[in-house]
Amino acid sequence: MTGDRGRQLLPGQTSRVHVYDVASRTSRLVFESRSVLVEAPNVRADGTLVLNGDGDLWLLTPPAPGSGTVLDETALVRVPMPGVDEINNDHVLDPSGESVVVSARDGELYRVPLPDGGAADRITDTAAVLPVVRKYYLHGVAPDGSALAAIVGERTPEGVWTTDVALVDPASGATTFLTRDEHPDDGCTVVGDVVVFNTERFTPGTAQLAWLRPGAGDAVVDTLVQITGDDRVNWFPHVSPDGAHLLYLSYEPGVQGHPADHRVELRLLPGSLVRGARIAVVPETLVALDGGQGTVNVPPWSPGSRWFAYCDYPVA
């Protein structure tokens, strides 16, 4: 690890990875480092975590429950990605488990084989839309692998920047916009036949969770249903694979975007809310932590829905 790429730790800061058991409502620390900042865990079928740090992709096998072991940076196994630019913390596992799709700093999406890495396949082609500058930020994948859910950032030659929800064909890179307007969107994922994301279209400057059912045609929103409507700033919805739970990241009121190094909460709602259930329910706060950016940017659930992984970044 060179320390010259990706986010870096602040003086006195620690990067940590935790595993949260939903049934017992308990969390255990599995990784701690004062030299490398890791972010955004995915979970493979065997329980291995996929993280990014220093602009690279890493695998981490958590210690067994009850062992009391906390791993450090020496336990990280790098996934080689020759030809891929520095990556950010937007990466999603293919449902087959045989690859991971990463978002690189060059704005493209790449498919990387797992677990051993190797030559990557570039999925998108941002040069095709020049002079518009386009960048892809991946957040989800359809359960059958037929579509990638991504936020597409675009800057026009006039300098107008937008972030919209889109579905990307993983074979051709063809992009279908589901939203395309001035309202910032982010954190999208596919759940059955709907797309769940956070958006500022309900209250400008304050992100709330919503879902829509894609329509027929480009930039068509047939259904848009608000999920959260409190005064907090809510990001990155992640529905458990069994559909029972909706996990998300919640900032204090007034926070702009999804910055790092804030006091945030991981909250839980019934997963039925993204299937049209209209029930009044108070979100349950599972964990309050020092984090935000990097904590749960991408799907963190285990395949069996029994636990999820998250990161925090306390400062001594």
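Higher on the page you've got the structure.
Residues numbered from 1 in each chain as written. Predicted model: local features only at pLDDT ≥ 70, side-chain atom pairs only at ≥ 80, totals over all residues. Heavy atoms only, no water.

Participant: Sorry if this is basic, but what is going on with the sheet that holds strand S13 (residues 161–168) here?
Facilitator: What links the strands of a sheet is backbone hydrogen bonding, and the strands pair in either a parallel or an antiparallel sense. The sheet built from four strands is open, its strands ordered S11-S12-S13-S14 with antiparallel pairing. A single partner strand is all that each edge strand has here, and the edge strands are strand S11 (133–141) and strand S14 (175–177). The mean inter-strand angle of the sheet, taken between neighbouring strand axes irrespective of direction, is 35°. One ladder, built from three bridges, connects S13 with S14; its direction is antiparallel. (Pairing = 2+ DSSP bridges. Helix = DSSP H or I, 4+ residues; strand = E, 2+ residues; numbered from the N terminus. Axes fitted to C-alpha atoms, helices over the stretch in contact; angles between N-to-C directions.)

Participant: What exactly am I supposed to notice about unusual backbone geometry here?
Facilitator: The phi angle of most residues is negative, glycine excepted, and most peptide bonds adopt the trans form. Here the residue pair Leu114 and Pro115 is connected by a cis peptide bond, since its omega of 0° sits within 30 degrees of zero. Residue position: Pro115 is located in the loop between strand S9 (109–113) and strand S10 (121–122). The omega angle of the peptide bond from Leu130 to Pro131 is 15°, so this bond is cis rather than trans. Tracing the backbone through its elements, the reader meets Pro131 in the loop between S10 and S11. Located in the positive-phi region is Arg25, a residue other than glycine, with phi close to 55°. When you line up the elements, Arg25 lands in the loop between strand S1 (15–21) and strand S2 (26–33). At Ser305, a residue that is not glycine, the phi angle is positive and equals roughly 70°. Within the fold, Ser305 resides in the loop between strand S22 (284–291) and strand S23 (307–312). We classify Ser305 as buried; its relative accessible area is 5%. (Buried < 20%, exposed > 50% of the residue type's maximum accessible area, 1.4 Å probe, protein only.)

Participant: What's the story with the environment of Leu130 in this structure? I'm lost.
Facilitator: The topology assignment puts Leu130 in the loop between S10 and S11. When its relative accessible area of 56% is taken as the criterion, Leu130 is described as exposed. It is 9.1 Å that separates the C-alpha atoms of Leu130 and Thr156, two residues lying 26 residues apart in sequence.

Participant: What is the right way to look at the sheet that holds strand S7 (residues 87–93) in this model?
Facilitator: Within the open sheet, the four strands sit side by side as S7-S8-S9-S10. Their pairing is antiparallel. Strands with a single pairing partner mark the edges of an open sheet, and in this sheet they are S7 and S10. Bridging between S9 and S10 involves two bridges; their strand directions are antiparallel. From the neighbouring strand, Arg111 faces S10, where its bridge partner is Asp121.

Participant: For this particular structure, what's the right way to read the nonpolar core?
Facilitator: The nonpolar side chains of a soluble globular protein tend to be buried with one another. Ranked by internal contacts, the top residues of the largest apolar core, which has 20 residues, are Leu247, Leu249, Tyr251, Leu266, Leu286, Phe308 and Tyr310. For this core, the secondary-structure elements that each account for two or more residues are strand S19 (233–239), strand S20 (245–251), strand S21 (262–270), S22 and S23. When neighbours within four sequence positions are excluded, Phe308 is seen to be in contact with His18, Val19, Tyr20, Val22, Leu247, Leu266, Leu286, Pro300, Trp301 and Ser302. Listed in part, the 19 residues of the second largest apolar core include Val17, Trp58, Trp307 and Tyr313. (Core = buried A, V, L, I, M, F, W, Y, C linked by side-chain atoms within 4.5 Å. Contact = heavy atoms within 4.5 Å.)

Treat this as a map of the structure, not an account of what it does.
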